[in-house]
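# Commentary on secondary and tertiary structure
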Amino acid sequence: MLTEDLNHEFKIQYTKDIIKTVIAFGNTRGGKIYLGVDDAGNGIGINNPDEELLQLTNAVRDSIRPDITPFTTANYEEVDGNRIIVYEVQKGTACPYYLASKGIRPEGVYIRQGASSVPASQAKIISMIKETDGDSYEELRSLNQNLTFEVLIKEFEKSGIQIDQPQMRTLGIIGDDGLYTNLGLLLSDQCHHSIKAAVFEGSTKSQFRDRYEFDGSVMKQMRDVYSFIDRYNRTKSNIVGLDRVDIREYPESALREALLNSIVHKDYGYGSSTLISVFDDRIEILTVGGLVKGLTKDDIMIGTSILRNKKLANVFYRLKWIEAYGTGILKIKESYKGVERQPLIEITDNAFKVTLPAITEIAAENTIEHSFNSKEMKIIEMIDHLGQVKRIDVQNELEISQPMAVKLLKGLLEKEAIIRIGSGKNVVYEKMK
């Protein structure tokens with residue numbers, strides 16, 4: 001005689017709670033549900049078995065995600081002379097199965113423990129996802145499926161790129177199962193991963209001046225954190241002959257690359273926030289996640305790159321936030337060329353820290369015998385960063401009109417700070433050698 005256990009469940013008739021048992025069997029080792037059998041295992045039968053079975057199959061189809069029906073079968077059997085329904089559920093291949101109305105959360109995901117169907121812990125849910133989808137964080141199904149993408153859409157619109165459901169699938173924001181991935185979570189307005197920033201008095205952490213936390217889409221975090229740090233990136237002036245030369249304490253290209261690195265290469269499998277510490281003499285950016293397996297510090301210092309979050313990096317590449325993979329550290333080093341204090345890269349098994357020292361002097365090789373206003377300095381930094389620029393690049397980056405961009409470039413040409421190459425639409429500007 002059968003008894004209720006890990007793989008068997010008795011029900012007198014169909015009730016909504018049976019759906020939880022179907023989910024639990026699908027997520028665990030499979031099992032059979034007997035409709036028309038009491039708790040003692042006696043077959044009492046069902047008055048309208050066809051109607052009961054129709055209710056059950058419709059509920060399974062409509063209430064459970066992903067679709068578990070391919071792993072279910074139903075048969076009529078005779079027990080104690082009465083007709084019952086035996087509904088068999090095999091362990092599915094797309095775990096975790098969950099209540100569509102609750103989502104991939106403990107209150108929506110059930111597993112079998114003994115003779116009971118119980119909510120799965122979040123750790124168990126993550127374990128099931130990894131078992132099904134693999135161990136790449138950005139490709140796993142997001143536990144939160146109620147996501148919006150206002151920031152993502154605006155950023156793509158700025159770059160003239162269409163973003164809709166097909167593009168989201170191509171990028172990996174939506175998985176093959178039609179559900180949002182963790183990449184989708186990172187790019188969504190609901191992203192819970194955060195960056196914490198603190199400003200300290202002097203060169204130690206003994207006294208706070210400011211502290212903030214940035215969350216939401218990682219693209220929003222990138223812009224917000226950069227703006228935050230820029231408030232503390234003072235402009236220094238040196239007199240060279242009769243002229244004044246202005247320079248930022250922290251090269252903008254170095255700040256940009258260090259921030260991009262902290263977002264793209266972070267191990268989001270950990271719950272820790274990225275930490276940014278601003279001191280009077282340096283900025284430290286500490287990211288959870290050491291080097292990808294197979295890489296060494298020497299490798300990354302010469303430009304070798306193995307991406308931890310390939311799909312996230314691809315999104316940033318499409319937005320032209322990343323020009324080429326593996327160049328971030330090299331650009332940081334280049335921006336400090338000729339400066340006495342150099343950036344410091346520190347790596348442990350589970351963390352990566354970039355320290356950018358404040359520039360207190362102007363390197364001789366970077367000294368220019370002309371004074372430049374802030375917009376002209378911005379153009380020079382763009383050329384340092386990109387190698388060459390077009391007039392439209394200057395317009396977009398400085399958010400100025402075409403006549404103003406032409407005027408600024410003409411002024412730099414007259415000061416012999418840049419040179420013009422090409423003609424017509426193909427004109428580019430490079431730094432004077």
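Quick look at the structure, then.

Thresholds, definitions, all that
- Residues numbered from 1 in each chain as written.
- Predicted model: local features only at pLDDT ≥ 70, side-chain atom pairs only at ≥ 80, totals over all residues.
- Heavy atoms only, no water.
- Phe/Tyr/Trp six-rings, centres within 6.5 Å; stacked < 30°, edge-to-face > 60°.
- Helix = DSSP H or I, 4+ residues; strand = E, 2+ residues; numbered from the N terminus.
- Buried < 20%, exposed > 50% of the residue type's maximum accessible area, 1.4 Å probe, protein only.
- Lys NZ or Arg CZ within 6 Å of the ring centre and 35° of its normal.
- Pairing = 2+ DSSP bridges.
- Axes fitted to C-alpha atoms, helices over the stretch in contact; angles between N-to-C directions.
- Contact = heavy atoms within 4.5 Å.
- Parallel < 35°, antiparallel > 145°, perpendicular 65-115°, else oblique.
- Nonpolar A, V, L, I, M, F, W, Y, C, P; charged D, E, K, R; others polar.

## Considering the packing of aromatic side chains
Taken as a whole, this structure holds ten aromatic pairs when the rule is applied. With a centroid separation of 5.2 Å and an interplanar angle of 55°, the aromatic rings of phenylalanine 149 and tyrosine 180 are classed as tilted. With phenylalanine 149 in the loop between helix H3 (122-133) and helix H4 (150-158) and tyrosine 180 in the loop between helix H5 (165-171) and helix H6 (182-187), this pair connects stretches of sequence that are 31 residues apart. Using a relative accessible area of 16% as the deciding quantity, one classes tyrosine 180 as buried. Seen from their ring centres, tyrosine 212 and phenylalanine 228 are 5.0 Å apart, and the 70° between their planes marks the pair as edge-to-face. Here tyrosine 212, found in strand E10 (residues 208-214), pairs with phenylalanine 228, found in helix H7 (residues 218-230); they are 16 residues apart in sequence, far enough to count as distant. The exposure class of phenylalanine 228 is buried, given its relative accessible area of 1%. Three or more aromatic residues joined by ring pairs form one cluster here, namely Tyr212, Phe214, Phe228 and Tyr232. We note arginine 211 situated over the ring of phenylalanine 208; from NZ or CZ to the ring centre the distance is 3.7 Å. A cation sits over an aromatic face here: arginine 282 above phenylalanine 279, 3.7 Å from the ring centre.

## Regarding the sheet that holds strand E14 (residues 282-288)
Taken together, the six strands give an open sheet; going across it, the order is E10-E9-E13-E14-E16-E15, and neighbouring strands pair in mixed fashion. A single partner strand is all that each edge strand has here, and the edge strands are E10 and strand E15 (344-347). Neighbour to neighbour, the strand axes of the sheet diverge by 10° on average, direction disregarded. Pairing analysis gives six bridges linking strand E9 (residues 195-200) to E10, with the strands arranged antiparallel. Paired with alanine 197 across the two strands is tyrosine 212, which belongs to E10. Sitting on the sheet, H7 is in contact with E9, E10, strand E13 (274-278) and E14, with an inclination near 165° to E10.

## Looking at the packing of helix H8 (residues 252-264) against helix H12 (residues 374-386)
At a minimum axis distance of 9 Å, the contact between H8 and H12 shows a crossing angle of 55°. Our classification of the angle between H8 and H12 gives oblique. In this structure, H8 contributes Glu252, Ser253, Arg256 and Glu257 to the contact, and H12 contributes Lys378, Glu381 and His385. Per-class residue counts for the contact of H8 with H12 are no nonpolar, two polar and five charged.

## A short note on the pairing of strand E5 (residues 82-89)
In this sheet, E5 lies alongside strand E2 (residues 31-35) in antiparallel orientation, the contact comprising five bridges. Its bridge partner lying in E5, lysine 32 is registered against glutamate 88. When strand E4 (residues 72-79) meets E5, the two strands line up antiparallel, connected through eight bridges. If you follow valine 79 over to E5, its bridge partner there is asparagine 82. Joining the antiparallel neighbours E4 and E5 is a turn of two residues, in which aspartate 80 adopts a positive phi near 55°.

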